[in-house]
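Analysis of the macromolecular model
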Amino acid sequence: KAGVTQTPRYLIKTRGQQVTLSCSPISGHRSVSWYQQTPGQGLQFLFEYFSETQRNKGNFPGRFSGRQFSNSRSEMNVSTLELGDSALYLCASSSLQGRELFFGEGSRLTVL
Amino acid sequence: TQLLEQSPQFLSIQEGENLTVYCNSSSVFSSLQWYRQEPGEGPVLLVTVVTGGEVKKLKRLTFQFGDARKDSSLHITAAQPGDTGLYLCAGAYNQGGKLIFGQGTELSVKP
């Protein structure tokens, strides 16, 4: 069974630009969550999508947005990038009944 | 606000030693999970504890959930270099993808 796939793995952007990250969940998983990981703040919850609907949202500004498609694939977008947005962005999927999250390898974003 | 306090933040030990990592909160969680993360990879689930007082063993790793479901501990017996990594505890209030993570414990086991 293929795991969670995130693309791209690495990317470099400059301040003010926007970025889109993609996540393909494990087959059959309908919940996709996004987390930001930084050395100072650790893992912080961004949002969760289930059946194309945002089910939970963390405390991030509106520059951070996401969506989920009918095939459960998800994208997150960050607009007007700031230096502080440099982080590892992790996507995780879970099954309908499960609490456990299965994480992808992450997308490493560097903002210059 | 960090709702899950994890300690210690860093731990460097010799192979064969025992260690315990603590995860404490003032909140009650419906479940608590422990993950291990290696450099360049995403966290990998080790265990989920659900019932207050629950103890789970995974080879040399023992996980305990506090009676009040506010705290948890991870004990590793006879640590090995392969145990090196970032250990994360995460609390869930209900089913779903929103977890509250602790800051993590960076464990280094030297041969």
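Structure first, text after, so check above.
Read on for a plain summary of the structure. (Residues numbered from 1 in each chain as written. Chains lettered and ligands numbered in written order. Predicted model: local features only at pLDDT ≥ 70, side-chain atom pairs only at ≥ 80, totals over all residues. Heavy atoms only, no water.)

1. Some points on the interface of chain A and chain B
Test applied: Any two residues whose heavy atoms approach within 4.5 Å are treated as being in contact. Accessible area that two parts lose when put together, evaluated with a 1.4 Å probe and summed over both, is termed the buried area. Here, a salt bridge means any side-chain nitrogen of Lys or Arg that lies within 4 Å of a carboxyl oxygen of Asp or Glu. A 3.5 Å cut-off defines polar contacts: any pair of N or O atoms within that distance qualifies, except that in protein one atom must be a possible hydrogen donor and the other a possible acceptor, and neighbouring residues in sequence count only when both atoms are side-chain atoms. Secondary structure elements follow DSSP: runs of H or I of four or more residues count as helices, runs of E of two or more count as strands, with numbering from the N terminus. Residue polarity is assigned by list, with Asp, Glu, Lys and Arg as charged and Ala, Val, Leu, Ile, Met, Phe, Trp, Tyr, Cys and Pro as nonpolar; anything else, Gly included, falls into the polar class.
Each side of the interface is counted separately: chain A has 25 residues, and chain B has 20 residues. Buried surface at the junction of chain A and chain B, both sides included, amounts to about 1800 Å², of which 50% is carbon and sulfur. In terms of surface lost to chain B, no three residues of chain A exceed A:Leu43, A:Arg99 and A:Phe103, which account for 35% of the buried area on that side. At the surface where chain A touches chain B, the tally comes to 0 salt bridges. Counting across the interface, chain A meets chain B through 6 residue pairs in polar contact (both at pLDDT 80 or more). Sorting the residues of the side of chain A that touches chain B by element identifies strand E4 (31-38), strand E5 (42-50), strand E6 (53-57) and strand E9 (87-94) of chain A as the ones contributing at least two each. The class makeup of the residues in the side of chain A that touches chain B is 8 nonpolar, 10 polar and 7 charged.

2. Considerations on the packing of aromatic side chains
Heads up, the condition is: Only the six-membered ring of Trp is used, alongside the rings of Phe and Tyr, when aromatic pairs are assigned; centres must lie within 6.5 Å, and planes under 30 degrees apart are stacked while those over 60 apart are edge-to-face, with the rest tilted. Remark: exposure states derive from per-residue accessible area (1.4 Å probe, protein chains only) relative to the maximum for the residue type, with buried under 20%, exposed over 50%, and partly exposed in between. Comment: the charge-over-ring label is applied if NZ (Lys) or CZ (Arg) is within 6 Å of the ring centre and within 35 degrees of the ring normal.
This model, assessed by the stated rule, comprises 10 aromatic pairs over all chains. Look at A:Phe47 and A:Tyr49: their rings are 5.7 Å apart centre to centre, the planes differ by 70 degrees, and that puts the pair in the edge-to-face class. This pair shows no difference in class: A:Phe47 is buried, exactly as A:Tyr49 is. An aromatic cluster of three or more residues is present, and its members are A:Tyr35, A:Phe45, A:Phe103, B:Tyr35 and B:Phe101. One residue, A:Arg55, lies across the ring of A:Phe50, its end atom 4.5 Å from the ring centre.

3. Considering the pattern of salt bridges
Residues and elements named next belong to chain A. Applying the stated rule across the entire model yields 9 salt bridges over all chains. Its salt-bridge partner being Glu-105, residue Arg-9 comes within 2.9 Å of it at the nearest N-O pair. Taken together, the positions of Arg-9 in the loop between strand E1 (5-7) and strand E2 (10-13) and Glu-105 in the loop between strand E10 (102-103) and strand E11 (107-111) put the pair 96 residues apart, joining distant regions of the chain. Using a relative accessible area of 40% as the deciding quantity, one classes Glu-105 as partly exposed.

4. Some remarks on the state of the cysteines
Residue and element names in this part refer to chain A. Rule in force here: Cysteine sulfur atoms that pair up within 2.5 Å are treated as a disulfide.
Tallied over the full model, the rule gives 2 disulfides over all chains. Put simply, Cys-23 and Cys-91 are joined by a disulfide, and their sulfur atoms are 1.8 Å apart. Its S-S torsion of about -60 degrees marks the bond between Cys-23 and Cys-91 as left-handed, since a negative value means left-handed. Here Cys-23, found in strand E3 (residues 19-24), pairs with Cys-91, found in strand E9; they are 68 residues apart in sequence, far enough to count as distant. Side by side, Cys-23 and Cys-91 carry an identical accessibility label, which is buried.

5. Topic: the pairing of E9(A)
Residue and element names in this part refer to chain A. Definition in use: Whether two strands pair depends on DSSP finding at least two bridges between them.
The element E9 is extensively covered by neighbouring structure, given that 8 of its 8 residues are classed as buried. Going residue by residue along E9, you find Ala-87, Tyr-89, Cys-91 and Ser-93 tucked away on one face and Leu-88, Leu-90, Ala-92 and Ser-94 tucked away on the opposite face as well. Bridge analysis of E4 against E9 gives 7 bridges, and the strand direction is antiparallel. Considered in E9, the bridge of Tyr-35 is made with Leu-90. Two elements, E9 and E11, share 3 bridges in a ladder whose sense is antiparallel. Within E11, the residue paired with Ala-87 across the bridge is Leu-109. Here 2 bridges tie E9 to E10, and the two strands are oriented antiparallel to one another. Bridge pairing in E10 places Ser-93 opposite Phe-102.

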